[in-house]
Amino acid sequence: MNRRKVGSAYENAVAAALENHGFRILERNFRCRIGEIDLIGLDGDCLVFVEVKYRKNQERGWPEQAVGLHKQQVISRTADYFMVKHPEYRYYPIRFDVAAVMDTRWRLYKNAFEYQRGKRWN
Amino acid sequence: MARKISEIKELLQQAFCDGNYQLAEAFREDERAGVQKALQAFDKKIQKLEQERQRVKAMHAYEEEYDMCEYICGIDEVGRGPLAGPVVAAAVILPKDCEILYINDSKKLSEKKREELFVEIQQKAVAIGIGMASVEVIDEKNILQATYDAMRDAIHRLSVRPDVLLNDAVHIPMVDIPQVPIIKGDEKSISIAAASIIAKVTRDHMMVAYDDLYPGYDFAGNKGYGTQKHIAAIREQGLCPIHRKTFVKNFV
């Protein structure tokens, strides 16, 4: 089965569920040259960057463990790009969440990590 | 059996150009004063080159801050002050980590250096856009609006759309791209410095050409700026079509 397709089907489900919970989705698959962010939305007046991780089971660790330091840096830098492109959000409080999906269950880890500046990018 | 000092000097000169710094080591032990002096000069040259490399690297500070963007564009203009001629703006997008030695704000460079860098920037840039606002526009609106027009023009002429604009302390109205105004930007940012050079050299070439068309004001020398000679010429022979009427009211 197409691995990418499976991933995005769950992103859709997460997006829909988040909207039901009061999130306002701003962007899906937001890209810049460094990387991408699965979901960007507003939770109240907090700007949230969500990484969706899907695992069939916990054989390879819980989905939330899949967002390591490097990935956190990529997401942080991509979030910077979002705020360059949308200066109206520049001063909003921000949060980095991980939506961990396993089979039919999912869970939102709010504030799963902090903004990671990282070293210079090439 | 030892080489002639003059030969060694030539070899060192060549080695510096080739980047073959190892060659100097072969002559370190040579006790002749002439050789030692030549080696000292060689070492100093390398040191200066390295310092220049570091200086240029430091001019990438803002470009690095926005390196998650694909295309970072520097904007600058020239010709706000002169009594004659258009105002010219340039938009320059450089590749990441672009090294252009001796680059600086165009006002700080000699004409010769500016012309050299003008060529080098065109060779290395990802995209360049040049815009201008004519004397008529300057007289009709005002120099500030004309400058904004020229800058917008320059941005629209780029072959790619920039993700972010680095400006020399201005914010350009009616531009749908994120902008970063930087005070003394033409000294601090390599992209803005590059834009300042493109704008200045382009405008200078134009003014030299205008000198042929409208002689007597020394446009080739003063580029339209209000030097004593220029003002005296206005008093003597009046205005020409490229004089900014709103600027020269007092002299006529």
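No experiment lies behind these values; they were computed from the predicted model shown.

All right, on to the overall build of chain A then. Within chain A, the regular secondary structure consists of two helices and five strands. Along chain A, from the amino end to the carboxyl end, the secondary structure elements read α-β-β-β-α-β-β. Here chain A, with 122 residues, has 30% of them falling under the buried criterion. For chain A, restricting intrachain contacts to residue pairs at least 6 apart in sequence, the fraction spanning at least 24 positions comes to 57%.

So, about the overall build of chain B. Secondary structure assignment for chain B yields 10 helices and five strands. Referenced to the eigenvectors of the C-alpha coordinate spread, the extents of chain B come out at roughly 75 × 50 × 25 Å.

Next up on the list: the environment of Ala169(B). Residues and elements named next belong to chain B. Note that Ala169 resides in the loop between strand S4 (164–168) and strand S5 (179–182). Sequence separation of Ala169 and Pro181 is 12 residues, and the distance between their C-alpha atoms is 4.4 Å. What Ala169 contacts, discounting residues up to four positions off in sequence, is Pro181, Ile182, Ile183 and Gly185.

Glancing now at the sheet that holds S4(B). Residue and element names in this part refer to chain B. Read from one edge to the other, the open sheet built from five strands follows the order S3-S2-S1-S4-S5, with strand pairing classed as mixed. Pairing within the sheet leaves two strands with one partner each, and these edge strands are strand S3 (127–133) and S5. Direction aside, the axes of adjacent strands within the sheet are offset by 20° on average. Here helix H6 (residues 143–156) sits on the sheet and contacts strand S1 (72–78), strand S2 (87–93) and S3; the angle it forms with S3, its principal contact strand, is near 150°.

Let us look at the interface of chain A and chain B. Interface size, as often reported, equals the accessible area lost upon joining of the parts. Chain A puts 12 residues into the contact, and the matching count from chain B is eight residues. For the side of chain A that touches chain B, the residue count by class is six nonpolar, one polar and five charged.

Time to look at the domain arrangement of chain B. Its domain assignment divides chain B into domain 1 (5–58) and domain 2 (70–199). Centre-to-centre separation of domain 1 of chain B and domain 2 of chain B, based on C-alpha positions: 37 Å.

Take the sheet that holds strand S1 (residues 23–31) of chain A next. Residues and elements named next belong to chain A. An order of S1-S2-S3-S4-S5 is seen for the five strands of this open sheet, with the pairing classed as mixed. With one partner strand each, in any of the chains shown, S1 and strand S5 (105–113) form the two edges of the open sheet. On average, each strand axis in the sheet is tilted by 30° relative to the strand beside it, whichever way the strands run. Summarising the sheet, strand S2 (residues 36–43) and strand S3 (residues 46–55) pair through five bridges and their orientation is antiparallel. Bridge pairing in S3 links Asp43 to Cys46. Where helix H2 (residues 69–85) meets the sheet, it contacts S1, S2, S3, strand S4 (94–102) and S5, and its direction lies at approximately 60° from that of S2.

Overall, the predicted model of chain B reaches an average pLDDT of 93, with 99% of residues at or above 70. Across the predicted assembly, pTM comes out at 0.86 and ipTM at 0.75.

With that settled, the discussion passes to the environment of Ile34(A). Mapped onto the secondary structure, Ile34(A) falls in the loop between S1 and S2. In the structure, Ile34(A) is positioned 52 residues away from His86(A) in sequence and 17 Å away in space, judged by C-alpha atoms.

Quick look at the packing of helix H4 (residues 111–124) of chain B against helix H8 (residues 190–213) of chain B now. All names here are of chain B. The N-to-C vectors of H4 and H8 enclose an angle of 115°; their axes lie 9 Å apart at closest approach. Judged on the interaxial angle alone, H8 and H4 are roughly perpendicular. Crossing handedness for the pair H4 and H8: left-handed. Facing Arg114, Glu115, Leu117, Phe118 and Ile121 of H4, the residues of H8 in contact are Ala194, Ile197, Ile198, Lys200 and Val201.

All names here are of chain B. The biggest cluster of nonpolar side chains holds 82 residues, and the ones touching the most others in it are Ile75, Val92, Ala194 and Ile198. Looking at this core, the element that brings in the most residues is H8, giving 11 residues. Apart from the residues lying within four places of it in its own chain, the contact partners of Val92 are Cys73, Gly74, Ile121, Ala125, Ile128, Ser191, Ala194, Ala195 and Ile198.

Bringing the packing of helix H1 (residues 5–18) of chain B against helix H2 (residues 33–58) of chain B into the picture now. Residues and elements named next belong to chain B. Two numbers describe how H1 lies on H2: the axes approach to 10 Å, and their chain directions differ by 10°. On the basis of their axis angle, the class for H1 and H2 is roughly parallel. Where H1 crosses over H2, the handedness of that crossing is right-handed. Contacts between H1 and H2 involve Ile5, Ile8, Lys9, Leu12 and Phe16 on the former and, on the latter, Gly34, Val35, Ala38, Phe42 and Lys45. Residue classes in the contact of H1 with H2 are distributed as seven nonpolar, one polar and two charged.

The rules we used
- Residues numbered from 1 in each chain as written.
- Chains lettered and ligands numbered in written order.
- Predicted model: local features only at pLDDT ≥ 70, side-chain atom pairs only at ≥ 80, totals over all residues.
- Helix = DSSP H or I, 4+ residues; strand = E, 2+ residues; numbered from the N terminus.
- Buried ≥ 20, exposed ≤ 12 C-beta atoms within 10 Å, placed from the backbone.
- Contact = placed C-beta atoms within 7 Å.
- Pairing = 2+ DSSP bridges.
- Axes fitted to C-alpha atoms, helices over the stretch in contact; angles between N-to-C directions.
- Nonpolar A, V, L, I, M, F, W, Y, C, P; charged D, E, K, R; others polar.
- Domains from an automatic or database assignment.
- pLDDT = per-residue confidence, 0-100.
- Parallel < 35°, antiparallel > 145°, perpendicular 65-115°, else oblique.
- Left-handed = near helix turned anticlockwise from the far one by under 90°.
- Core = buried A, V, L, I, M, F, W, Y, C linked by C-beta atoms within 7 Å.

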